[in-house]
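# A look at the structure
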Amino acid sequence: EYYLTPHSAELARTYLIDAGVTPESITTLPSVSSEWEEGEALRLAVIRERWTSVVAYAPDFRSRRSRGVLRRLLEGTGSDLRVVSVPDVEVRLDRWWETRPGINVIYNEYPRLVYYWLLGRLG
């Protein structure tokens, strides 16, 4: 058997529409392979669409890096940025060491955070 699951962008779009956001108010960014590329795609959309504010949702374990990257890339666009930390259902940050997903998240996120800092990608 073959199961097709929706892409996270499709799930987010459905959630937003169910929450009352009009479909024409939703912009989907292209698929990317890194936090930096995602921020670059957002920067281009902000400039193209002349957005004055951006609300970005990020998993709580990654929100520090997301905030830093987006601050850096949205500098000079005139757009206000708000990053909202969203709790991950599998990882409780206050007890991350108790589960394998928690350990994996911390083990993977902190080196990435340092790497982005060393490259000057955090604002």
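Residues numbered from 1 in each chain as written. Predicted model: local features only at pLDDT ≥ 70, side-chain atom pairs only at ≥ 80, totals over all residues. Heavy atoms only, no water.

## Some remarks on the pattern of salt bridges
In this structure the tally under the stated criterion is 6 salt bridges. Ionic pairing is found between E109 and R65, a salt bridge with its closest N-O pair at 2.7 Å. Of this pair, E109 sits in helix 4 (residues 100-118) while R65 is found in helix 3 (residues 63-74), placing the two residues 44 residues apart along the sequence. In this pair, the class of E109 matches that of R65, namely buried. (Salt bridge = Lys/Arg side-chain N within 4 Å of Asp/Glu carboxyl O. Helix = DSSP H or I, 4+ residues; strand = E, 2+ residues; numbered from the N terminus. Buried < 20%, exposed > 50% of the residue type's maximum accessible area, 1.4 Å probe, protein only.)

## Some words on the environment of E24
The topology assignment puts E24 in the loop between helix 1 (8-18) and helix 2 (35-49). Note on E24: relative accessible area 67%, which makes it exposed. Sequence separation of E24 and W51 is 27 residues, and the distance between their C-alpha atoms is 14 Å.

## Details of the nonpolar core
If you look at the biggest cluster of nonpolar residues, it comprises 8 residues: L42, V46, V54, A56, A58, L70, L74 and V83. When residues of this core are traced back to their parent elements, those giving at least two are helix 2, strand 1 (53-59) and helix 3. Top element by residues in this core is strand 1. It accounts for 3 residues. Not counting chain neighbours up to four residues away, the residues in contact with L70 comprise G39, L42, A56, L81 and V83. Judged by nonpolar contacts, the second largest core, of 6 residues, contains W36, V69, Y116 and L122. (Core = buried A, V, L, I, M, F, W, Y, C linked by side-chain atoms within 4.5 Å. Contact = heavy atoms within 4.5 Å.)

## Digging into the layout of surface pockets
Space inside the largest pocket adds up to approximately 1800 Å³. Around the largest pocket, the lining is made up of 38 residues, and of these A12, E38, V55, A56 and Y57 lie nearest the centre. Only helix 1, helix 2, strand 1 and helix 3 provide two or more residues apiece to the lining of the largest pocket. When the residues that make up the lining of the largest pocket are grouped by side-chain class, the tally is 21 nonpolar, 11 polar and 6 charged. (1 Å grid on protein atoms, 1.4 Å probe; cavity = no way out; pocket = protein on both sides within 12 Å on 5 of 7 lines; lining within 4 Å. Points joined across faces, edges and corners; volume = space filled by probe spheres on them. Nonpolar A, V, L, I, M, F, W, Y, C, P; charged D, E, K, R; others polar.)

## With respect to the packing of aromatic side chains
For the structure shown, the criterion picks out 2 aromatic pairs. Look at W96 and W97: their rings are 5.9 Å apart centre to centre, the planes differ by 85°, and that puts the pair in the edge-to-face class. A residue is classified by how much of its surface remains accessible, and W96, at 30% relative accessible area, is partly exposed. The interplanar angle of 70° and the centroid separation of 6.0 Å between the aromatic rings of Y115 and Y116 together place this pair among those described as edge-to-face. In this structure Y115 comes out as partly exposed when scored by relative accessible area, which is 47%. Lying over the aromatic face of Y116, R65 brings its terminal NZ or CZ to 5.2 Å of the ring centre. Over the aromatic face of Y116 sits the side chain of R121, whose NZ or CZ is 5.6 Å from the ring centroid. (Phe/Tyr/Trp six-rings, centres within 6.5 Å; stacked < 30°, edge-to-face > 60°. Lys NZ or Arg CZ within 6 Å of the ring centre and 35° of its normal.)

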